[in-house]
Each structure stands twice: as structure tokens, then as C-alpha cells.
Amino acid sequence: KVTPPPNLSGFNLVQFKCRKKKASYQKCYDKLHGSFLVGKENEEDCDDLFETYKRCIFLGMKKDREKRGAGAPKEGSAMAEFEEEEA
């Protein structure tokens, strides 16, 4: 496990911790998009990889908010919707 650089905090730290999930999703998306651009059909679906990456980001943001003592997320925000889904 790689230790994050000491100067990272907030969203930058969340991004660092989710970088492998992002790379997996990006690789899948690039392959899918490339196939689309040349007119080839591709049965691959990147939705599961995207959801895994998105969940990592939201969990990291939630943890950061709790650490900073931030209040509840604004009603209707993506963060509030995520927390409702997780409940």
C-alpha cells in the first residue's frame, strides 16, 4: 500500500486514494470510446467500474467532511443523495 504524500488533504487526498479505481474505469472507457469512434460494436460495459470509482470518491468525501466537522450536505446535492442511498 502506498502512503499518500503528506501535503495532500481534502479532495486531493480522496483522488489519490481512488486513483486505481479511476485508472481501471478510464482504461475501460477509453477502449469503449475508441471502438465507438471507429464504428465497431463493443459488448463491454464500464458501468460497474464507474460505480466503484464514484463510490470511492463519495466515501472519501464523506470521511473528509466528518473529519472537518462539516454539517450535513445540502439537500438535493449529489453528496446528500449518496448518503441517502447508503443509509
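For the structure, see preceding data.
Residues numbered from 1 in each chain as written. Predicted model: local features only at pLDDT ≥ 70, side-chain atom pairs only at ≥ 80, totals over all residues. Heavy atoms only, no water.

(A) Molecular detail of helix α4 (residues 78–86). Taken residue by residue, α4 has M79, A80 and F82 as its buried positions. Down the axis of α4, the buried side of the element spans an arc of 160 degrees, and every buried residue falls inside it. Of the residues in α4, the exposed ones pointing more than 90 degrees away from the buried face are E84 and E85. Tucked inside the fold, the buried residues of α4 contact α3 (47–68). (Buried < 20%, exposed > 50% of the residue type's maximum accessible area, 1.4 Å probe, protein only. Helix = DSSP H or I, 4+ residues; strand = E, 2+ residues; numbered from the N terminus. Arc of directions from axis to C-beta. Contact = heavy atoms within 4.5 Å.)

(B) The arrangement of the packing of aromatic side chains in detail. In this structure the tally under the stated criterion is three aromatic pairs. Consider the rings of Y25 and Y29, whose centres lie 6.1 Å apart with planes at 35 degrees: the pair is tilted. Of this pair, Y25 and Y29 are both found in helix α2 (residues 19–37), four residues apart, which corresponds to roughly one turn of the helix. Measuring from ring centre to ring centre gives 5.0 Å for F58 and F82, while their planes differ by 15 degrees; the resulting arrangement is stacked. Taken together, the residues span a long stretch of sequence, with F58 in helix α3 and F82 in helix α4 at a distance of 24 residues. For F58, a relative accessible area of 14% translates into the label buried. Members of the aromatic cluster, connected to one another through ring pairs, are Y25, Y29 and F50. (Phe/Tyr/Trp six-rings, centres within 6.5 Å; stacked < 30°, edge-to-face > 60°.)

(C) Broad picture of the nonpolar core. Grouped together as the largest cluster of nonpolar side chains are five residues: V14, C18, Y53, C56 and I57. Here the element with the most residues in this core is α3; it accounts for three residues. Ignoring anything within four residues of it in the chain, the contact list for C18 reads Y53, C56 and I57. (Core = buried A, V, L, I, M, F, W, Y, C linked by side-chain atoms within 4.5 Å.)

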